[in-house]
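Observations on the three-dimensional arrangement
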Amino acid sequence: MMTFERLKEQRQYLLLECVSGSRAYNLHTPTSDTDLKGIFILPQQELYGMTYTDQVANATNDEVYFEVRRFLELLEKNNPNILELLSTHADNQLYRHPLMQLVRPEDFLSRLCLETFAGYAKTQIKRAKGLNKKINQSFPEVRKDILEFCYVVQGSHSVPMKTWLEQHQILQQDCGLSRIDHFRDAYALFYRQQFAGPVSFKGIFSGEQANDVQLSAIPASTEPAAIMHFNKDGYTVYCKEFAAYWDWVENRNEARYQHNQQLGADYDSKHMMHTFRLLEMAEEIARYKEVRVHRQDRDFLLSIRNGAFTYDTLLQMATEKLEKIQAWYAVADLPDHPDPAHTEQLLIKIREEFYGKK
């Protein structure tokens, strides 16, 4: 079975190997890593067997290689990463098999690129909004408890549950709740000191990780001490945002985050740089029928990475850019999609040529 390690040892099965990522885009900095992408062809015996390996990669995914069939499948879908790989500047091609001359980017470019390049950039902008929100959020490490979202009716207004408990010198564990018919998230509240005999209440909520209030058995013919409302919807939204924020903190790229903090940028600047790169490439495909991987607009894109624009300015620029791109695709000399028959014949020819020669 083909593996990353085996491919590195048996390089005769390589069809293409390129430097990818920031170095291929001409957007690298002194601290940039060197990523590799490539295409391989399975040994003929493995192709005829019961297993099929569509891609292999190293442990960190800095080096990724696609089997030629998988490569052509993604190429037919106008996948940006695959079109970029095929169009990598000659200076960044470490190895190119003569058979790769058969695969030409212009045979695959289509109106699908509006969605795969510009559409993907659009989703990245939405993601940037989420990142913007997280960067500007700040949650304490301890989650608020349910009492923070409970209020007691007092005359014609309400007071926080915690305030009411402090005023009456009552612990939440000594309280009991019963549901009020036809009033959503409203409860009759009782407390132990109201009763002469011994009573056992469960409390308003069970503990720090509780997601809802809890009900208790209430002795009959007793008037409630208060009417309590639990803002359950607000609490649910808060819990989701709290969890999402700390998940982001745990998994964020700390070096990139600190870079953004030093810039004073309230967004992921590297993320936004690549969003604009995709938008520029989408326009170039429509106008020139080319995938220009090596960026001539390096200074502009790096200025985004270096925080030269505010977040709102970038959103406005992206919106205007998307409108222009849509106009270019409306008149572009491109097919609606690549020809599947051509893709299939190309795969057959590459395999016949490769295995025939071997």
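Here the structure is a predicted model, which is why all the values come from computation and not from measurement. (Residues numbered from 1 in each chain as written. Predicted model: local features only at pLDDT ≥ 70, side-chain atom pairs only at ≥ 80, totals over all residues. Heavy atoms only, no water.)

Next up on the list: the pairing of strand S2 (residues 35–40). Of the pairings in the sheet, the one linking strand S1 (residues 14–20) to S2 comprises 6 bridges and is antiparallel in character. For Ser20, the partnering residue across the bridge sits in S2 and is Asp35. For S2 and strand S4 (residues 63–67), the ladder comprises 5 bridges, and the chain directions are parallel. Paired with Lys37 across the strands is Val64, a residue of S4. (Pairing = 2+ DSSP bridges. Helix = DSSP H or I, 4+ residues; strand = E, 2+ residues; numbered from the N terminus.)

Positionally, Ile304 belongs in helix H11 (residues 298–305). Remark: the alpha-carbon pair of Ile304 and Phe276, spanning 28 residues in sequence, is separated by 8.8 Å.

Secondary-structure assignment places Leu99 in the loop between strand S5 (93–96) and helix H6 (112–136). Separated by 60 residues in the primary sequence, Leu99 and Ile39 place their C-alpha atoms 11 Å from one another. Sequence-distant contacts of Leu99, defined by excluding residues within four places in its chain, comprise Ile350, Glu353 and Phe354. (Contact = heavy atoms within 4.5 Å.)

Let's shift gears to the packing of helix H10 (residues 269–288) against helix H12 (residues 311–331). Describing two packed helices takes the angle between their axes plus the distance from one axis to the other. As a packed pair, H10 and H12 sit with axes 9 Å apart at the nearest point and diverge in direction by 20 degrees. With respect to H12, the element H10 is oriented roughly parallel. You can see that H10 and H12 cross each other, and the crossing is left-handed. From H10, Met272, Phe276, Leu279, Glu280, Ala282, Glu283, Ile285, Ala286 and Arg287 reach across to H12, where they touch Leu314, Met317, Ala318, Lys321, Leu322, Ile325, Trp328 and Tyr329. (Axes fitted to C-alpha atoms, helices over the stretch in contact; angles between N-to-C directions. Parallel < 35°, antiparallel > 145°, perpendicular 65-115°, else oblique. Left-handed = near helix turned anticlockwise from the far one by under 90°.)

Positionally, Thr343 belongs in helix H13 (residues 340–357). Sequence-distant contacts of Thr343, that is, excluding residues within four places in its chain, are made with Leu72, Glu76 and Phe108.

On to the sheet that holds S2. Overall, mixed pairing links the 5 strands, which are arranged S3-S4-S2-S1-S5 in an open sheet. Two strands in the sheet have a free side with no partner beyond their single neighbour: strand S3 (55–57) and S5. Sheet twist, expressed as the average angle between the axes of neighbouring strands with direction ignored, equals 15 degrees. Packing against the sheet, helix H4 (residues 68–76) makes contact with S1, S2 and S4, and its axis sits at approximately 90 degrees to S4.

Applying the stated criterion across every chain, the model contains 25 salt bridges. Two residues, Glu63 and Lys8, come together in a salt bridge whose shortest N-O distance is 2.9 Å. Here Lys8 lies in helix H1 (residues 4–9) and Glu63 lies in strand S4, a separation of 55 residues in the sequence. Residue classification places Lys8 among the partly exposed positions, given a relative accessible area of 28%. A salt bridge links Glu73 to Arg70; the nearest nitrogen and oxygen atoms lie 3.4 Å apart. Residue Glu73 and its partner Arg70 are located together in helix H4, separated by 3 residues, close to a single helical turn. (Salt bridge = Lys/Arg side-chain N within 4 Å of Asp/Glu carboxyl O. Buried < 20%, exposed > 50% of the residue type's maximum accessible area, 1.4 Å probe, protein only.)

Keep in mind that these numbers describe shape and distance, not what the molecule does.
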